[in-house]
2 protein chains.
Amino acid sequence: MSLENTSVNKSYGGWTKHYSHHSEVLNCDMRFAIYLPPQTANGQKVPVVYFLSGLTCTDENFIQKAGAQRMAAELGIAIVAPDTSPRGDDVADDEAYDLGKGAGFYVNATQAPWNRHYQMYDYVMNELPQLVEATFPVTDHRSIFGHSMGGHGALVMALRHPDRFKSVSAFSPIGNPVDCPWGQKAFTAYLGEDRSTWAEYDASLLMRKASGAVPALVDQGEADNFLAEQLKPETLEAAAKASGYPLELNRREGYDHSYYFIASFIDDHLRFHAKHLSA
Amino acid sequence: MSLENTSVNKSYGGWTKHYSHHSEVLNCDMRFAIYLPPQTANGQKVPVVYFLSGLTCTDENFIQKAGAQRMAAELGIAIVAPDTSPRGDDVADDEAYDLGKGAGFYVNATQAPWNRHYQMYDYVMNELPQLVEATFPVTDHRSIFGHSMGGHGALVMALRHPDRFKSVSAFSPIGNPVDCPWGQKAFTAYLGEDRSTWAEYDASLLMRKASGAVPALVDQGEADNFLAEQLKPETLEAAAKASGYPLELNRREGYDHSYYFIASFIDDHLRFHAKHLSA
């Protein structure tokens, strides 16, 4: 797990950095971004929020466009933004934007040819945080959030491992992937035709039977082109209601699926995580 | 000057928009970005700050990466971000990144083949603000700022037209282009070998003999790779001292030439402009 630092940019008194490393779990080289707030300059350890990006994104989109560093610096939180899939010439791919590279869906693939590299669930849940916590001045207080496909990933991980995260949030998450075109296509490819294996990767199904409860915040733009067909926040909301899950879901009039939406509410999400990380 | 709106994204209660239009001055189609803060929703007119981008940039870099919309929304300021050169298949270009498309240097070219389209000075000074003020809910209170090549452009325009701008600021500007490789290459191509024509596009030479005085703020990262060879803030500072020009120049330890630097200090610059725009 040797790390190579590929860039450093001072940001709001802290440091935005990119690293590459070999991932054993994914069987390829990977990149991730980390923001270390100014509080770490003297060795102080800070809590970490992981951000999982959406379809077609890399480790760069969020860290360049979300404007998260300002509030992370103020709150004293590190942010880690991994890539969205395994990468490299020998990694299976598809010409569509919603399958293969850039579209790992944060699952552990069981089907060939995907299962050789597409183990994003284990990478984000285990290998990456172990590497981060062994390398950087961070505590083991973790929260997780994401956008769209990454919102799905963040919710699923927090719902399945409530002991690992203090809070979870999402912008425009794919809330019920077993019942939307993006999710059905990806799960069929990565997990196979047997739908009984899909349930452990569906936030609405998991939330409906959740026992341990990581506080959850979701923001959803009402002018989002993917709202009705792909995202289905109403399903997530119904699941939370059924199980009494602590979900706050805000519908935002006029906002779309873009990073302009994320940037508009990023401060709210970081404050939400900071409150729970320090509790 | 018919305008085509190519995108709208709600941002911090306001709207980030992109437009294309035919420029008479540049003799080609152009794109620009505008941020309209929430105060404009009910027809209220707001002041405008123009942002001029650096080498290789388009109308997109600043509006996506600088995180300016948050503070612009709070202060009630519109932001206009034009492209950095004329565009199109029949526009002269060069394979280097620092000449031709993406590198207009905000001058009116006098030399062939550049003079057919490269009239960025007139475009930014006249045609664009006329279009903006005829179209959007903005007042005629204008300020201007920019980055690197765009910081040069902003300073030159404010120094030559103190009646047109309430304030000017720059991140890492090319402070003395007649005496650095970027400036000498571009000015030779666009303006010709006769260096007497270069002086009207050099912020240090203009500031040294400035009479009217638009308040100026400059931030410069000390870890900027281009600092000593291309940017020369010390020349700008000496010029301000010689003429008593109201220049505040801050050197920022550890910051580089990137948008991470711009984002870190964007709030200071917008507050500076807001103070002068409302005075």
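These numbers come from a predicted model, not from an experiment. (Residues numbered from 1 in each chain as written. Chains lettered and ligands numbered in written order. Predicted model: local features only at pLDDT ≥ 70, side-chain atom pairs only at ≥ 80, totals over all residues. Heavy atoms only, no water.)

Asks: Where do I start with the overall build of chain A in this structure?
Replies: Along the backbone of chain A there are nine helices and nine strands. For a compact globule of 279 residues, the expected C-alpha radius of gyration is about 19 Å, and chain A comes in at 17 Å, within 12% of that figure. For chain A, the C-alpha atoms occupy an extent of roughly 50 × 40 × 35 Å along the three principal directions. Relative to its full complement of 279 residues, chain A shows a buried share of 61%. Long-range pairs, those at least 24 residues apart, make up 71% of the contacts in chain A between residues at least 6 apart in sequence. In the structure as shown, chain A presents an accessible area of about 10000 Å², 46% of it carried by carbon and sulfur atoms. For chain A, the distance from the average position of its 23 positive side-chain charges to the average position of its 34 negative side-chain charges is 6 Å. (Helix = DSSP H or I, 4+ residues; strand = E, 2+ residues; numbered from the N terminus. Rg over C-alpha atoms; globule rule 2.2 N^0.38 Å. Buried < 20%, exposed > 50% of the residue type's maximum accessible area, 1.4 Å probe, protein only. Contact = heavy atoms within 4.5 Å. Areas by Shrake-Rupley, 256 points an atom, 1.4 Å probe, with all protein chains shown as cover. Lys, Arg positive; Asp, Glu negative; His and termini not counted. Charge placed at Lys NZ, Arg CZ, Asp CG, Glu CD.)

Asks: Sorry, what's going on with the environment of Thr110(A) here?
Replies: All names here are of chain A. Mapped onto the elements, Thr 110 comes out in the loop between strand E5 (78-82) and helix H3 (120-135). Residue class for Thr 110 comes out partly exposed when judged on its relative accessible area of 47%. In sequence terms Thr 110 and Phe 187 are 77 residues apart; their C-alpha atoms lie 9.9 Å from each other. Here Thr 110 is in contact with Asn 115, Tyr 190 and Leu 191, once residues within four sequence places are set aside. Polar contacts involving the side chain of Thr 110 include one to the side chain of Gln 111, which spans 2.9 Å. (Polar contact = N/O pair within 3.5 Å; in protein donor to acceptor, adjacent residues only side chain to side chain.)

Asks: Just checking my understanding: could you explain the sheet that holds E5(A) for this structure?
Replies: In a beta sheet, neighbouring strands pair by backbone hydrogen bonds and run either parallel or antiparallel. Residue and element names in this part refer to chain A. Pairing is mixed across the open sheet formed by nine strands, whose spatial order is E1-E2-E3-E5-E4-E6-E7-E8-E9. Both edges of this open sheet fall to strand E1 (3-11) and strand E9 (247-252), since each of them pairs with a single strand only. Each strand axis lies, on average, 20° off the axis of its neighbour in the sheet, ignoring direction. Pairing geometry for strand E4 (residues 46-52) and E5, over three bridges, is parallel. When the sheet's bridge partners are listed, Val 48 is paired in E5 with Ala 78. (Pairing = 2+ DSSP bridges. Axes fitted to C-alpha atoms, helices over the stretch in contact; angles between N-to-C directions.)

Asks: How should the sheet that holds strand E5 (residues 78-82) of chain B be read in this particular structure?
Replies: With mixed pairing, nine strands are arranged side by side in an open sheet as E1-E2-E3-E5-E4-E6-E7-E8-E9 (chain B). The open sheet is flanked by strand E1 (3-11) and strand E9 (247-252) of chain B, the only strands paired with a single partner. Adjacent strand axes in the sheet meet at a mean angle of 20°, parallel and antiparallel pairs treated alike. Strand direction decides the pairing type here: strand E4 (residues 46-52) of chain B and strand E6 (residues 138-147) of chain B, joined by six bridges, are parallel. When the sheet's bridge partners are listed, Val49(B) is paired in E6(B) with Ser143(B). Where helix H9 (residues 259-277) of chain A meets the sheet, it contacts E1 and strand E2 (14-23) of chain B, and its direction lies at approximately 35° from that of E1(B). Contacts between helix H4 (residues 149-160) of chain B and the sheet are confined to E4, E6 and strand E7 (168-171) of chain B, with E6(B) contributing the most and set at about 135° to the helix.

Asks: Sorry, what's going on with the relation of the copies chain A and chain B here?
Replies: In this arrangement, two copies of a chain are superimposed by a rotation about an axis accompanied by a shift along the axis. Superposing chain A onto chain B takes a rotation of 180° plus a shift of 0.0 Å along the axis, which leaves an RMSD of 0.0 Å. The operation mapping one copy onto its partner corresponds to a two-fold rotation axis. An overlap of 100% is found between the interface residues of chain A and their copies at the interface of chain B, pointing to a shared contact surface. (Least-squares fit on C-alpha atoms with pLDDT ≥ 70 in both.)

Asks: Please explain the pattern of salt bridges as it appears in this structure.
Replies: Side chains that differ in sign of charge can pair as their charged atoms come close. Counting across every chain of the model gives 26 salt bridges over all chains. Notably, a salt bridge pairs Arg31(A) with Asp59(A), separated by 3.1 Å at the nearest N-O pair. A residue pair is termed long-range when its members are at least 10 positions apart, and Arg31(A) in strand E3 (residues 28-36) and Asp59(A) in the loop between E4 and helix H1 (61-65) qualify at 28 residues. Its relative accessible area of 2% is what places Asp59(A) among the buried residues. Asp90(B) is the salt-bridge partner of Arg116(B), the closest N and O atoms lying 3.6 Å from each other. Within this pair, whereas Arg116(B) is found in the loop between E5 and helix H3 (120-135), its partner Asp90(B) is found in the loop between E5 and H3, the two being separated by 26 residues in sequence. According to the relative accessible area criterion, Asp90(B) is partly exposed, its value standing at 44%. Salt bridges sharing partners connect three or more residues here, namely Asp219(A), Arg252(A), Asp268(A) and Arg271(A). (Salt bridge = Lys/Arg side-chain N within 4 Å of Asp/Glu carboxyl O.)

Asks: Explain the confidence of the model for chain A here, please?
Replies: Low pLDDT means the predicted atomic positions in that stretch should not be read closely. Looking at chain A, pLDDT values average 97 and 100% of them are 70 or higher. The complex prediction reports pTM at 0.96, with the ipTM value standing at 0.93. (pLDDT = per-residue confidence, 0-100.)

Asks: Is there a simple way to think about the layout of surface pockets in this case?
Replies: In this approach the atoms are scanned with a rolling probe the size of a water molecule, which exposes any empty space left behind. Considering only enclosed or pocket space, the largest pocket measures out at about 730 Å³ in volume. Looking at the largest pocket, it is lined by 44 residues, and the ones nearest its centre are Gln64(A), Asn61(B), Lys65(B), Ala66(B) and Tyr259(B). Contributions of two or more residues to the lining of the largest pocket are made by E1, H1, helix H2 (69-75) and H9 of chain A together with E1, helix H1 (61-65), helix H2 (69-75) and helix H9 (259-277) of chain B. Sort the elements by how many residues they give to the lining of the largest pocket and H9(B) lands first, with five residues. As a volume, the second largest pocket reaches approximately 260 Å³. Looking at the second largest pocket, it is lined by 14 residues, and the ones nearest its centre are Leu55(A), Thr56(A), Cys57(A), His147(A) and His257(A). Looking at the lining of the second largest pocket, its residues break down into six nonpolar, seven polar and one charged. (1 Å grid on protein atoms, 1.4 Å probe; cavity = no way out; pocket = protein on both sides within 12 Å on 5 of 7 lines; lining within 4 Å. Points joined across faces, edges and corners; volume = space filled by probe spheres on them. Nonpolar A, V, L, I, M, F, W, Y, C, P; charged D, E, K, R; others polar.)

Asks: Help me understand the side chain of His269(A), please; the structure alone is not making it clear to me.
Replies: Residue and element names in this part refer to chain A. Relative to the assigned elements, His 269 resides in helix H9. At a separation of 2.8 Å, a polar atom in the side chain of His 269 contacts the side chain of Ser 169. Those residues in contact with His 269, other than ones at most four positions away along the chain, are Phe 145, Ser 169, Ala 170, Phe 171, Leu 217 and Asp 219.

Asks: How should I be thinking about the UniProt feature "active site" (unreviewed entry) in chain A in this particular structure?
Replies: Residue and element names in this part refer to chain A. UniProt tags Ser 148, Asp 224 and His 257 as "active site" (unreviewed entry). Spanning 110 residues, the annotated positions come together in the fold, the maximum distance between their C-alpha atoms being 10.8 Å. Set against the second largest pocket, the annotated residues that line it come down to Ser 148 and His 257. Looking at the secondary structure, you find Ser 148 in the loop between strand E6 (138-147) and helix H4 (149-160). With residues near it in sequence (within four places) discarded, Ser 148 still touches Gly 54, Phe 171, Ser 172, Pro 173, Ile 174, Trp 182, Leu 231 and His 257. In contact with His 257, other than residues within four places in its own chain, are His 147, Ser 148, Ser 172, Asp 224, Phe 226 and Leu 231. (UniProt positions renumbered as here; feature names shortened; annotations may be inferred.)

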